[in-house]
Each structure stands twice: as C-alpha cells, then as structure tokens.
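The lines below spell out each chain.
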Amino acid sequence: MKRLAVLMFGLSVLSLCAAESLRLTLPEKIYAMPGVECNLYFDSVANVINPANYFFEVRAPKGRNDIKRWRFIPAEKDCGEFELQLNVYDDAGLAGSGKTKIVVMPKAGKKERTLLLIGSSETAAGIYPARILELMKDSGITLAGTVKRANYAPGVVTEGYGGWSYAIFTRSARSPFLREGRLDFKQYVNQKCNGKTPDIITITLGGNDAFGMGYNASEQKLAAILDSAEKLISELRRAAPEAVIGVGLTYQGAGQDAFGANYGCLLSARQFRINHRMLIEGLMKKFENTGDNRLSVIPIYLNIDSEHNFPTVSEPVSLGNPSRVARQSNARHPASAGYRQIGDAMSAWINAKIIETK
C-alpha cells in the first residue's frame, strides 16, 4: 500500500507538472468559409517537443477529430459560430485545455475592393496570393502592390520581399514605405497606388524575425520585434484609417531534417519553434483585442500541415546504404499545397472582415 501511495503521488506530481508546462496557443476566433477546408493542426498549438506523446481530443458540434488535426469543410448551412474545446491528455490524465470560437461566414457579395499583401518570401512566392484571388474571385478583390514577377499568376502583385522582417519594413532605406528615413505610407499610396488607399491590408511577417532571435531568444529581442510591428501597423492605420488590417501569425516551419539540410547546426527546429511561439503569443497579446474592429490577427499557423506540405527530396539512407528515403528539404518555405493552405486561412479571414466591417 505504501508503494502504491508513492506511485499515485508521483503520478499526481507528473500530471500537475504537465498541466503547468503544456500551453495551448489558440486565438479567440478562427474564421471559415463554405467549401474551403479549415484546419487546426495540433502540433502548431501545443508547446511540446513531441505531440505524439499526447492525445488531442476536440469537443465541437462540427468537423472531424483526426489524430493530428481537427478539420472542417463547412457548407452554406453551417454559417454561424460555435465553440471548439481542445483537451490534451498524457498518461496521467488531462495535461492542458483551451477554447476558441469557429466563425463560418457566407461568401461576401461582389464589390470593388483592393487588397495589399505585405510580407517576406512566403508572400513573394506569389502562390498564396493567387489562391486568394481564386477563392475570392466573386467578391471583387484586386491586388495592389509594386512587386510583379514572371512566375506570378495573372492579377498577382504584392509587397513581398524574401528575407525581410518587421525591422526592414520600418527602418531600412529599401522599404517602399519610407521617405527620407521615416515611415510614410501615404506617399506610398500616392506614388504607387494612384492615390487609392487599399481597402484591406495584410502583414505576413515573422519567420525571419523568429529566426533572427537564434539560440539566445529573450524578452528583449521579442520586445524589439514587437516595437517594429507596432510602428509599421500604427503608420498603416494613420495613413489608412478606414482600411481593414490583418496581422498574419505565420507558421512554425518544417521538421529537423529540413532545418539540418538548410542550416546545419546553426538553428534547430526545436529552437525555431520556441522563438516562433514567443512571437505568435506576443503578436496576439498586442493586436488581438485592441478595440479597433478593423484590426485583428490572422491565425495562419493553425492551418498549415508541417509534416506533409513542405518540400522533400529523395536521399540515400546513409553513405553505405543506397536505399532511398524522402526527407524534408526546406525548413521555412512550404510546398504548393502548404502555400494554398495559407491562402485558405487568409481568404476566410478576408471574407469575414468584408462582411463584419461593411
């Protein structure tokens, strides 16, 4: 009996420690739209190294609870909202729990609107912007911007630049939003948008910021990134007081094979995910509930399959074993299917904001 009591005490302590250490990063709302898959990938939500050690249980009136995600393709009849609760269990019992609200909006009616997509390499690739145009083709959306590449689909323009961060957009002489060393979005609108202020502006940054924090991530580094984000978004709001602004919460990237292939030992997938989570939580705290109903976060990170939707290459098992295996090869840039998932999440948010702010 004494040994049993000690064992039970140990399990209780383990359960308490798990509950204290397991944190779920869930936004207040997740937007969805009819005919477009909405996902909640569990490895993007829980701050654990190996999600396979846990069981993720979703309690919601709609959708499907798979082992690695909750998925839902709403129909028109599903328009409305409902609560989703995510419970996470380990061998000792409930280790963590969180809630969010799923909001399904009908497709917005047609009206001429301009959308400016600001970002780094994910935006510069042009794939998720094309997906937005595809999904929003009946809503009157056209894109604004100065970046047009040969591989872009018709109608795609962006303000996307590979390797850029919040700091570059706010301080570098290369930024299209600076004039004589100071942020001046109004002059950008006048010179590059024919004086027409974009109706919707999204900022999809954070990957390079999180990478730049390195192995020495700190609250001071995070504060500097958030300060740059606040400066950029404050200037956008000053120059475009009626625009809808979305702060994209970017994704955590691929697994360690990809980080090893791209960066050797300079940064691990584990450390990047720690940095990424710090940044996501910081951006949510700063921009999720500001009192400005035309400013909110876009939880892109929930909708990306980091296991299957990143590029892979076929490689020998080892130098002495010619058998080939598929390994992830790009730590930060998804395959086309992953980019389209970004477009799905952003389109659902854009569609909802058109309706909410009309």
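Notes on the structure in this doc start here. (Residues numbered from 1 in each chain as written. Predicted model: local features only at pLDDT ≥ 70, side-chain atom pairs only at ≥ 80, totals over all residues. Heavy atoms only, no water.)

## Observations concerning the packing of helix α3 (residues 127-135) against helix α10 (residues 336-356)
Okay, so step 1: Running from N to C, α3 and α10 point in directions that differ by 50°, and their axes come no closer than 8 Å. Here α10 runs oblique to α3, going by the angle between their axes. By crossing handedness, the relation of α3 to α10 is classed as right-handed. Taken together, the residues of α10 that come into contact with α3 (itself represented by I127, Y128, R131, I132 and L135) are S336, Y339, R340, I342, G343, D344, M346, S347 and I350.
Okay, so step 2: By residue class, the composition of the contact of α3 with α10 is eight nonpolar, three polar and three charged. (Axes fitted to C-alpha atoms, helices over the stretch in contact; angles between N-to-C directions. Helix = DSSP H or I, 4+ residues; strand = E, 2+ residues; numbered from the N terminus. Parallel < 35°, antiparallel > 145°, perpendicular 65-115°, else oblique. Left-handed = near helix turned anticlockwise from the far one by under 90°. Contact = heavy atoms within 4.5 Å. Nonpolar A, V, L, I, M, F, W, Y, C, P; charged D, E, K, R; others polar.)

## What about the environment of V58?
Okay, so step 1: With respect to the helices and strands, the residue V58 is situated in strand β3 (residues 55-59).
Okay, so step 2: Dropping the residues within four chain positions of it, V58 is found in contact with F42, N65, W70, L84, Q85 and L86.

## Describing the pairing of strand β14 (residues 244-248)
Looking along a regular strand, one sees the side chains alternate between the two faces of the sheet.
Okay, so step 1: In terms of burial, β14 is a largely internal element, five of the five residues being buried.
Okay, so step 2: A two-sided burial pattern is seen for β14, the buried positions comprising V244, G246 and G248 on one face and I245 and V247 on the other.
Okay, so step 3: The pairing of strand β13 (residues 200-204) with β14 spans four bridges and is classified as parallel. Considered in β14, the bridge of T202 is made with G246.
Okay, so step 4: In the sheet, β14 pairs with strand β15 (residues 295-298) via four bridges, with the strands oriented parallel. (Buried < 20%, exposed > 50% of the residue type's maximum accessible area, 1.4 Å probe, protein only. Pairing = 2+ DSSP bridges.)

## What to know about the nonpolar core
Okay, so step 1: By size, the foremost hydrophobic cluster in this structure holds 105 residues, and its most contacted members are W70, L86 and F185.
Okay, so step 2: Ignoring anything within four residues of it in the chain, the contact list for L86 reads L24, L40, F42, V45, F56, E57, V58, G96, S97 and G98. (Core = buried A, V, L, I, M, F, W, Y, C linked by side-chain atoms within 4.5 Å.)

## Regarding the sheet that holds β3
Okay, so step 1: Strand order in the open sheet formed by four strands is β1-β7-β6-β3, with mixed pairing between adjacent strands. Because the sheet does not close on itself, it has two edges, and the strands there are β1 (29-32) and β3. Geometrically, the sheet is characterised by an average inter-axis angle of 30° between neighbouring strands, direction not taken into account.
Okay, so step 2: Where strand β6 (residues 80-90) lies against strand β7 (residues 93-104), 11 bridges are found, and the strand directions are antiparallel.

## Some thoughts on the sheet that holds strand β2 (residues 38-41)
Okay, so step 1: Overall, antiparallel pairing links the three strands, which are arranged β2-β5-β4 in an open sheet. Edge positions in the sheet fall to β2 and β4 (64-65), since each of these pairs with one other strand and no more.
Okay, so step 2: As paired strands, β2 and strand β5 (residues 69-72) are joined by four bridges and run antiparallel to one another. What sits directly across from Y41, in β5, is R69.

## Brief notes about the layout of surface pockets
Okay, so step 1: In this structure, the largest pocket encloses a volume near 950 Å³.
Okay, so step 2: In this structure, the largest pocket is lined by 36 residues; those nearest its centre are D43, I49, P51, Q252 and R273.
Okay, so step 3: Looking at which element gives the most residues to the lining of the largest pocket, the answer is helix α9 (residues 269-287), with eight residues.
Okay, so step 4: When the residues that make up the lining of the largest pocket are grouped by side-chain class, the tally is 16 nonpolar, nine polar and 11 charged. (1 Å grid on protein atoms, 1.4 Å probe; cavity = no way out; pocket = protein on both sides within 12 Å on 5 of 7 lines; lining within 4 Å. Points joined across faces, edges and corners; volume = space filled by probe spheres on them.)

## A word on helix α5 (residues 185-192)
Okay, so step 1: When we look at burial in α5, the residues that qualify are F185, Q187, Y188 and V189.
Okay, so step 2: Looking at the buried residues of α5, the elements they touch are β8 (113-119), β10 (159-160), β11 (178-179), β12 (182-183), β13 and α7 (219-239).
Okay, so step 3: Among the residues trailing α5, N194 stands out with phi positive, at a value near 55°.

## Description of the pattern of salt bridges
Pairs may arise between side chains of opposite charge once their charged atoms sit close together.
Okay, so step 1: Taken as a whole and judged by the stated rule, the model has 21 salt bridges.
Okay, so step 2: Between K99 and E83 there is a salt bridge; the shortest N-O distance is 3.7 Å. Of this pair, K99 sits in strand β7 while E83 sits in strand β6, and the two are 16 residues apart along the sequence.
Okay, so step 3: The closest approach of N and O atoms between E230 and K286, which form a salt bridge, is 3.4 Å. Taken as a pair, E230 in helix α7 and K286 in helix α9 lie far apart in primary sequence, 56 residues in all.
Okay, so step 4: We classify E230 as partly exposed; its relative accessible area is 35%.
Okay, so step 5: Take K286: its relative accessible area is 30%, and that puts it in the partly exposed class.
Okay, so step 6: When salt bridges that share partners are traced, they join E37, R64, D66, R69 and R71 into one network. (Salt bridge = Lys/Arg side-chain N within 4 Å of Asp/Glu carboxyl O.)

## A few points about unusual backbone geometry
Okay, so step 1: Phi angles above zero are rare outside glycine, and E180 is one such case at about 55°.
Okay, so step 2: Among the structural elements, E180 can be located in the loop between β11 and β12.
Okay, so step 3: Note on E180: relative accessible area 78%, which makes it exposed.
Okay, so step 4: At N194, a position not held by glycine, the phi torsion is positive, near 55°.
Okay, so step 5: Looking at the secondary structure, you find N194 in the loop between α5 and β13.

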